[in-house]
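Chain residues, written in single-letter form:
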Amino acid sequence: MAAASHDLRQPLQTLALVQGLLARSVESEKARKLVGRLDETLGAMSGMLNALLDINQIETGTVRPEIIDLPSMIC
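Cut-offs used in this document
- Residues numbered from 1 in each chain as written.
- Predicted model: local features only at pLDDT ≥ 70, side-chain atom pairs only at ≥ 80, totals over all residues.
- Heavy atoms only, no water.
- Helix = DSSP H or I, 4+ residues; strand = E, 2+ residues; numbered from the N terminus.
- Rg over C-alpha atoms; globule rule 2.2 N^0.38 Å.
- Buried < 20%, exposed > 50% of the residue type's maximum accessible area, 1.4 Å probe, protein only.
- Areas by Shrake-Rupley, 256 points an atom, 1.4 Å probe, with all protein chains shown as cover.
- Expected span 1.5 Å × (residues − 1).
- Contact = heavy atoms within 4.5 Å.

Asks: If you had to explain the overall build of the chain to someone new, which residues and values would you point to?
Replies: Scanning the chain from N- to C-terminus turns up two helices and zero strands. Here the C-alpha radius of gyration of the chain, 18 Å, is well above what a compact globule of 75 residues would show, namely 11 Å. If you line up the chain on its principal axes, its C-alpha atoms span 50 × 45 × 10 Å. Looking at the chain as a whole, 12% of its 75 residues are labelled buried. Of the roughly 6,600 Å² of accessible surface on the chain, 61% is carried by carbon and sulfur atoms.

Here's what the structure looks like:
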């Protein structure tokens, strides 16, 4: 999973860098909206990858969850 993590993160980070450069160069409102959507999509992809890697670390025992009690909320 560590190799997959690197192999997936590197292209994602490259896309984020390219998106940042693109965001600086676009001028039209339509192009800005598209670049904004790209930014949102890259953020979602990064979040999903991070969640997947976190779950894998829990499953392999690398990270152990700490279970705590939360106060109940009365609505």
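The rest of the description comes next.
Asks: Residue-level account of helix α2 (residues 29-60), with values.
Replies: With 32 residues, α2 should reach 46 Å at 1.5 Å per residue; the first-to-last C-alpha distance of 47 Å fits that figure. Residues of α2 that are buried include every one of V35, L42, L49, L53 and N56, and no others. Where α2 ends, the next residue or the one after it, G61, has phi of about 85°, a positive value.

Asks: Tell me about the environment of K33, residues and numbers included.
Replies: For K33, the location among the structural elements is in helix α2. Judged by its relative accessible area of 54%, K33 falls in the exposed class.

Asks: Give me the side chain of Q19: which residues, what numbers.
Replies: Structurally, Q19 can be placed in helix α1 (residues 2-25). Among residues more than four places away in sequence, those in contact with Q19 are V35, L38, D39 and L42.

Asks: Describe the environment of L22, with residues and values.
Replies: Along the chain, L22 falls in helix α1. Assessed through its relative accessible area of 37%, L22 is described here as partly exposed. The sequence separation of L22 and I74 amounts to 52 residues, and the corresponding C-alpha distance is 47 Å.

Asks: Residue-level account of the environment of L8, with values.
Replies: With respect to the helices and strands, L8 occurs in helix α1. Spatially, the C-alpha atoms of L8 and S46 are 9.4 Å apart, while their sequence positions differ by 38 residues.

By themselves, these figures tell us nothing about what the structure is for.
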